[in-house]
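A structural walkthrough
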Amino acid sequence: MGDAGIFRACGGYQFMAAKKLNLDNFLPYRLSIASNALSSRIAAEYENRFGLKIPEWRLMAVLGEGQPKTQRELVEATRMDKVTVNRAAKALADRQLIARQAHEADGRSHHLDLTETGRSLYDAIVPAALASEAQLESNISAGERATLMAILAKLTAAAEDYG
């Protein structure tokens, strides 16, 4: 009967012995590779043109869409860890691109928002971001894009429920 049907214990977990891992077909790996390739391309462009690292741009993008947010809300919105968000927020504040405002209900917390300078930079970056997206999307059809967005939403939800 082979290993495929045998449960083995390892570190308190039970799992079924599986086929050999093939990274070219391993979904988490392929998603990571695609994300890293896109992030590297965008990072170089945003660093050269706007002096921003990817975490800094992500914070600006979230703040540019609407209301001021706390760092905790930014952690949730960007899926970046607290240290990365904190460093990015500090870098943006040092450049006077975001401002901290005391949180009315929680004195230990602050709302972060784009400054006028930050809003101007955001407004300059958005056309570049949209052009980059259009160039990327030129490789797939509208239907493929819709399917990809639906699949990504399902995978994100599954990852959040995993555990």
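See the structure above.
Residues numbered from 1 in each chain as written. Predicted model: local features only at pLDDT ≥ 70, side-chain atom pairs only at ≥ 80, totals over all residues. Heavy atoms only, no water.

**Remarks on a nonpolar patch on the surface**
Together, Leu-27, Leu-31, Ile-140, Leu-148, Met-149, Ile-151, Leu-152 and Leu-155 make up a nonpolar patch on the protein surface, roughly 620 Å² of accessible area in all. Listed by contribution, the elements that provide at least two residues to the nonpolar patch are helix H1 (27-50) and helix H6 (142-161). With five residues, the single largest contributor to the nonpolar patch is H6. By the secondary structure assignment, Ile-151 is in helix H6. Residue Ile-151 is classed as partly exposed on the basis of its relative accessible area, which comes to 42%. (Patch = residues over 30% accessible without salt bridge, like charges linked within 9 Å, V, L, I, M, F, W, Y side chains within 5 Å. Areas by Shrake-Rupley, 256 points an atom, 1.4 Å probe, with all protein chains shown as cover. Salt bridge = Lys/Arg side-chain N within 4 Å of Asp/Glu carboxyl O. Helix = DSSP H or I, 4+ residues; strand = E, 2+ residues; numbered from the N terminus. Buried < 20%, exposed > 50% of the residue type's maximum accessible area, 1.4 Å probe, protein only.)

**What about the nonpolar core?**
In this structure, Leu-52, Leu-59 and Met-60 are the most contacted members of the largest nonpolar core, which totals 22 residues. Secondary structure elements with two or more residues in this core: H1, helix H2 (54-64), helix H4 (82-94), strand S4 (110-114) and helix H5 (116-137). Among the elements that make up this core, the one with the highest residue count is H2 (five residues). Among residues more than four places away in sequence, those in contact with Leu-52 are Ala-43, Tyr-46, Glu-47, Trp-57, Met-60, Leu-92, Arg-95, Leu-97, Leu-121 and Ile-125. (Core = buried A, V, L, I, M, F, W, Y, C linked by side-chain atoms within 4.5 Å. Contact = heavy atoms within 4.5 Å.)

**With respect to the environment of Pro-28**
Inspection of the secondary structure assignment puts Pro-28 in helix H1. For the pair Pro-28 and Leu-155, spaced 127 residues apart in sequence, the C-alpha separation works out to 9.9 Å.

**As for the packing of helix H3 (residues 71-78) against H4**
Taken N-terminus to C-terminus, the directions of H3 and H4 make an angle of 115°; their axes are 9 Å apart at the nearest point. Both H3 and H4 take part in a crossing whose hand is right-handed. Contacts between H3 and H4 involve Gln-71, Leu-74, Val-75 and Thr-78 from the former and Lys-82, Val-85, Asn-86 and Ala-89 from the latter. Of the residues that constitute the contact of H3 with H4, the class distribution is four nonpolar, three polar and one charged. (Axes fitted to C-alpha atoms, helices over the stretch in contact; angles between N-to-C directions. Left-handed = near helix turned anticlockwise from the far one by under 90°. Nonpolar A, V, L, I, M, F, W, Y, C, P; charged D, E, K, R; others polar.)

**Some details on H4**
The end-to-end C-alpha separation of H4 is 18 Å, in line with the 18 Å expected for 13 residues at 1.5 Å each. Residues Val-85, Ala-88, Ala-89 and Leu-92 constitute the buried set of H4. Down the axis of H4, the sector holding all buried residues measures 100°, keeping them to one side. Turned more than 90 degrees away from the buried face of H4, the exposed residues are Arg-87 and Asp-94. In the core, the buried residues of H4 are packed alongside H2, H3, strand S3 (98-102) and S4. Gln-96 occupies a position one or two residues after H4 and carries a positive phi of about 60°. (Expected span 1.5 Å × (residues − 1). Arc of directions from axis to C-beta.)

**As for the packing of aromatic side chains**
Tallying each qualifying case throughout the model produces three aromatic pairs. A ring pair is formed by Tyr-46 and Phe-50, whose centres lie 5.9 Å apart and whose planes are at 75°; its orientation type is edge-to-face. Linking Tyr-46 with Phe-50, this pair stays in helix H1, spanning four residues, or about one helical turn. Residue classification places Tyr-46 among the buried residues on the basis of a relative accessible area of 3%. Classification of Phe-50 by relative accessible area gives buried; the value is 11%. Taken together, a centroid distance of 5.4 Å and an interplanar angle of 85° make the contact between Tyr-46 and Trp-57 edge-to-face. Taken together, the residues Tyr-46 in helix H1 and Trp-57 in helix H2 connect sequence positions eleven residues apart. (Phe/Tyr/Trp six-rings, centres within 6.5 Å; stacked < 30°, edge-to-face > 60°.)

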